[in-house]
Amino acid sequence: MSDVKLEERLAAALARLILDPGTPPARHIAVGAASPLPAAACWLVRKLGHPVRLSLLHKRSGNPFTEGTRELFDLTGQGRIDLFFLGGGQIDGQANLNLVGTGEWPGRDVRFPGSFGSAFMYVMAHRTILFREEHSPRVLVEKVDNVSAPGVNPPGVFRRGHAQALVTGRCVFHFHPDRARFSLLSLHPGETVESIRAATGFEFDIPAEVPQTPDPTPEELALLRGPVCDEMLETYPEFCARVFNRKAAA
Amino acid sequence: MTPTTLEAMAASVPDGALVAMPPDNSLPSIALAKALVRRGARNLRLLGVPVAGFAADMLIGAGCVAEIETSAVSLGEAGFAPRFSAAVKAGTLRVRDCTCPAVHTMLQAAEKGVPFMPLRGLIGSDILAHRPDWKVIPNPYAEAGEDPIVLLPALQPDVAIFHAVMADAEGNVWLGRRRECATIAHASGRALVTVERVVPGNFLEDERLAPGTINATYVTEVAIAERGAQPVALLDEYGFDAAYVADYARMAKTEAGFAEWLAREVFSDRAAAAE
C-alpha cells in the first residue's frame, strides 16, 4: 500500500501497542500538547470501538480538568492513568530520557524546552510508550547527557510502570525493564536490521525473526483520515493540515 | 473595588521579586508582562506554573530576568523559546529545572502553610541531583523497607500575575476551570490580575460562576487590559494567534531581531495605546 503515509503507519503501530493484550489494560490515557501522533493513535483506538477514556491535556474546549493541570499528576499519583506517552531529545539504551539538553547541565550545548512532567509520569503511570520520529545516532544515544527521567530504578524505589516500547520513524523496539534493554520488535518498510544498527547509538537485542511493521488496515486508514482527523482538528491544526490535508474552519 | 492601571500594576512589582505565572495554555497576562518590560524591571525570578511560554521568553530577552524556575520553556507549535535558549547558552540566566507536579506540590504546601510536602517519582533524575533544596527521606509510614521519597519545600511567590475574563464590583475574579491560577493566587504574597472587563454584582452569589471564581481575599489588585492574554487564547473568548507567535519566534532568533520586535510590539506608541 504505497499511499500510506509514514504518520498513518506510526499511528496504527502505536494503536496496536496500546491494545497489546500482554500489557495492563488502557482504560484511561493522557496525551500532552506536543503529541499529535500519539493522540491520533488514541483516537483510532476509540474509533475502533474500544471504551478508553482520553484526557487531552491541551484541549481548549471541553478540557477534562476542572482543578487545574495538577489533576493529571494527582490522578497519575493514585494509579488512575494507565498509559502516557513520552519522547526525548535523547533516549538511551536503558530507556533514560533527556528532555533538558545536551552538554553540561542544564543544557549548555543545546538546550531543549525542559523535562515537563516526565520525572514523575514515567515512574507513576502504569506504562509509557516512547515515541520519537527522528531515529538517528544523535537522538538514540548510548548514554544520555542528562537524565530527565530514568528508564529503571534500583529495587526498593517505588515505581509503578516502565517504558513498554519505543516507536520511531524506522522501527519499533520493545523495552525489557528487568534487563534494562531494548529488543527489535518490527521494521518499517525499507529498513533492515543493519540499517537500524547504523542509525542507533545504543546496543539492542535482535530476535531471530524480525517482522515488518504491518500496514494500517483499510478500516484503520479510513478512520484516521475521517473521524480521527475530525477529533484532532481543534488541538492539532498544523498536524491535520500536513498529514490529512485538512484545514480547520476559520 | 477600584481597578488600578496596567502601568501602576507593573510599577508595584519590585526588582528581584519572585513572580509566578501560568503558561500559554492557562491565562498568562501578556499585557502585564509587556508593561514590566516597559518599566524596565530587573532581576526578576520567574516561576513557571508548571511551565513557561511566550511571556517568559519575552521577559528574559528584555533583560528583566535573573533566574527562572520551571519544568520547561516552550513556544508550543512555534518551537523552542529563542531568547531563553540564547540566555542558557550564554550562561546569563540561572535555571532551576523542575518537573510539573513538583511546582504544583511546592505551591500547595504554601497554600496549606506547611513547610514541605512529599512527592513520588524524581529519584534517579538529574533534576533531583541539581536541587540541593529537595531532600530524600525514608517514608516514615512504610510497612517494609526504606521506601525513599522526595520532600519539597513550600514555595511562596512574592507576586502572582495572570489574566482572567472578568472582575466584579467586590474584586472577585472569574477564570473558569483554569484553577492553577487559583493555586498561584492562594500561595503568593500578592496576586495581580488583569481582566477583560469589570462587571457589576458579586460572582459568589451565582452558583454557576462561583466555582470558577477566585475570591477577592486572594486578589491584591485588578487592572483592565482588553485582549490582555493575546497572542495566547482566553478560554472561549478569543483564540491563539499562531501567526503572531510564529513571527515572534522568527524575529527573536537574533538579538537584533528581538530588539526590533520589542520596539514595534512593546515600546511603540501604537503598542502602548493598544493595551
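Residues numbered from 1 in each chain as written. Chains lettered and ligands numbered in written order. Predicted model: local features only at pLDDT ≥ 70, side-chain atom pairs only at ≥ 80, totals over all residues. Heavy atoms only, no water.

> Teacher, can you tell me more about the overall build of chain B here?
Of the regular secondary structure elements, chain B holds 10 helices and 12 strands. For 275 residues, the compact-globule formula gives about 19 Å, and the C-alpha radius of gyration of chain B, at 19 Å, lands near that figure. Each of the three principal axes of chain B carries a C-alpha extent, and together these read 65 × 50 × 30 Å. For chain B, the proportion of contacts with a sequence separation of at least 24, taken over those separated by at least 6, is 73%. Surface summary for chain B: the accessible area is close to 10,800 Å², and the carbon and sulfur share equals 53%. Charged side chains of chain B number 24 positive and 33 negative; the gap between the two group centres comes to 4 Å. (Helix = DSSP H or I, 4+ residues; strand = E, 2+ residues; numbered from the N terminus. Rg over C-alpha atoms; globule rule 2.2 N^0.38 Å. Contact = heavy atoms within 4.5 Å. Areas by Shrake-Rupley, 256 points an atom, 1.4 Å probe, with all protein chains shown as cover. Lys, Arg positive; Asp, Glu negative; His and termini not counted. Charge placed at Lys NZ, Arg CZ, Asp CG, Glu CD.)

> What is the right way to look at the sheet that holds strand 7 (residues 140–141) of chain A in this model?
What links the strands of a sheet is backbone hydrogen bonding, and the strands pair in either a parallel or an antiparallel sense. Here we have 3 strands laid out as an open sheet, ordered 5-4-7 (chain A), and mixed in their pairing. In the strand order of this sheet, the two ends are held by strand 5 (97–98) and strand 7 of chain A, each with one partner. (Pairing = 2+ DSSP bridges.)

> Could you clarify how one ought to interpret unusual backbone geometry in this entry?
Glycine aside, residues mostly have negative phi angles, and peptide bonds mostly take the trans form. Residue and element names in this part refer to chain A. Note that the residue after Trp 105, namely Pro 106, is joined by a cis bond; omega there is 0 degrees. On the secondary structure map, Pro 106 appears in the loop between strand 5 and helix 4 (118–124). Not every positive phi belongs to a glycine, and Phe 116 is a case in point at roughly 50 degrees. In this structure, Phe 116 sits in the loop between strand 5 and helix 4. With a relative accessible area of 34%, Phe 116 lands in the partly exposed category. (Buried < 20%, exposed > 50% of the residue type's maximum accessible area, 1.4 Å probe, protein only.)

> Hey, could you run me through the interface of chain B and chain A in this one?
For interface size, the figure often reported is the accessible area lost on association. Facing 45 residues of chain B, the contacting portion of chain A comprises 40 residues. Carbon and sulfur atoms make up 57% of the surface buried where chain B meets chain A, a total of about 3,400 Å² over both sides. A per-residue breakdown of the area chain B buries against chain A is headed by Glu 77, Arg 120 and Arg 177 of chain B, which together make up 17% of the total. For the pair chain B and chain A, the number of links is 1 salt bridge. Notably, a salt bridge pairs Asp 97 of chain B with Arg 111 of chain A, separated by 2.8 Å at the nearest N-O pair. At the surface where chain B touches chain A, the tally comes to 17 residue pairs in polar contact (both at pLDDT 80 or more). (Buried area = accessible area lost by both parts, 1.4 Å probe. Salt bridge = Lys/Arg side-chain N within 4 Å of Asp/Glu carboxyl O. Polar contact = N/O pair within 3.5 Å; in protein donor to acceptor, adjacent residues only side chain to side chain.)

> So what exactly am I meant to see when it comes to the sheet that holds strand 5 (residues 116–119) of chain B here?
Residue and element names in this part refer to chain B. Pairing in this open sheet of 3 strands is antiparallel, and the strands run 5-7-6 from one edge to the other. Either end of the sheet is taken by a strand with one partner, and the two such strands are strand 5 and strand 6 (135–138). Sheet twist, expressed as the average angle between the axes of neighbouring strands with direction ignored, equals 40 degrees. Pairing of strand 5 with strand 7 (residues 148–153) involves 4 bridges; the strand directions are antiparallel. Residue Met 117 lies in a different strand from strand 7, and its bridge partner there is Leu 152. (Axes fitted to C-alpha atoms, helices over the stretch in contact; angles between N-to-C directions.)

> It is not clear to me how the pairing of strand 6 (residues 127–132) of chain A should be interpreted in this structure. Could you clarify?
Moving residue by residue along a regular strand, the side chains alternate between the two faces of the sheet. Residues and elements named next belong to chain A. By the criterion of burial, strand 6 is predominantly enclosed, with 5 of the 6 residues buried. Pairing analysis gives 4 bridges linking strand 3 (residues 83–86) to strand 6, with the strands arranged parallel. Residue Phe 84 lies in a different strand from strand 6, and its bridge partner there is Thr 128. Taken together, the 6 bridges between strand 6 and strand 8 (residues 162–168) define a ladder with parallel strand orientation. Pairing of Thr 128 across the sheet is with Ala 163, part of strand 8.

> Teacher, can you tell me more about the environment of Arg 179 of chain A here?
One can find Arg 179 of chain A in the loop between strand 9 (171–176) and strand 10 (181–187). With 27 residues separating them along the chain, Arg 179 of chain A and Val 152 of chain A place their C-alpha atoms 9.3 Å apart.

> Just to check I follow, could you spell out the packing of helix 5 (residues 100–112) of chain B against helix 7 (residues 180–187) of chain B for this structure?
Axis angle and axis distance: for two packed helices, these are the angle between their axes and the distance between the axes, and together they describe the pair. Residues and elements named next belong to chain B. For the pair helix 5 and helix 7, interaxial distance at closest approach is 8 Å and the crossing angle is 50 degrees. Accordingly, the angle class assigned to the pair helix 5 and helix 7 is oblique. Here helix 5 and helix 7 pass one another in a crossing that is left-handed. Counting all contacts with helix 5, which are made through His 104, Leu 107, Gln 108, Ala 110 and Glu 111, the residues of helix 7 involved are Glu 180, Thr 183, Ile 184, His 186 and Ala 187. (Parallel < 35°, antiparallel > 145°, perpendicular 65-115°, else oblique. Left-handed = near helix turned anticlockwise from the far one by under 90°.)

> Would you mind showing me how to read the packing of aromatic side chains here?
Each aromatic ring pair is characterised by the separation of its centres together with the angle its planes make. Residues and elements named next belong to chain A. Counting across every chain of the model gives 16 aromatic pairs over all chains. For the ring pair Phe 173 and Phe 182, a centre distance of 5.7 Å and an interplane angle of 50 degrees mean the geometry is tilted. With relative accessibility at 0%, the residue Phe 173 sits in the buried group. Taken together, a centroid distance of 4.9 Å and an interplanar angle of 55 degrees make the contact between Phe 175 and Phe 182 tilted. (Phe/Tyr/Trp six-rings, centres within 6.5 Å; stacked < 30°, edge-to-face > 60°.)

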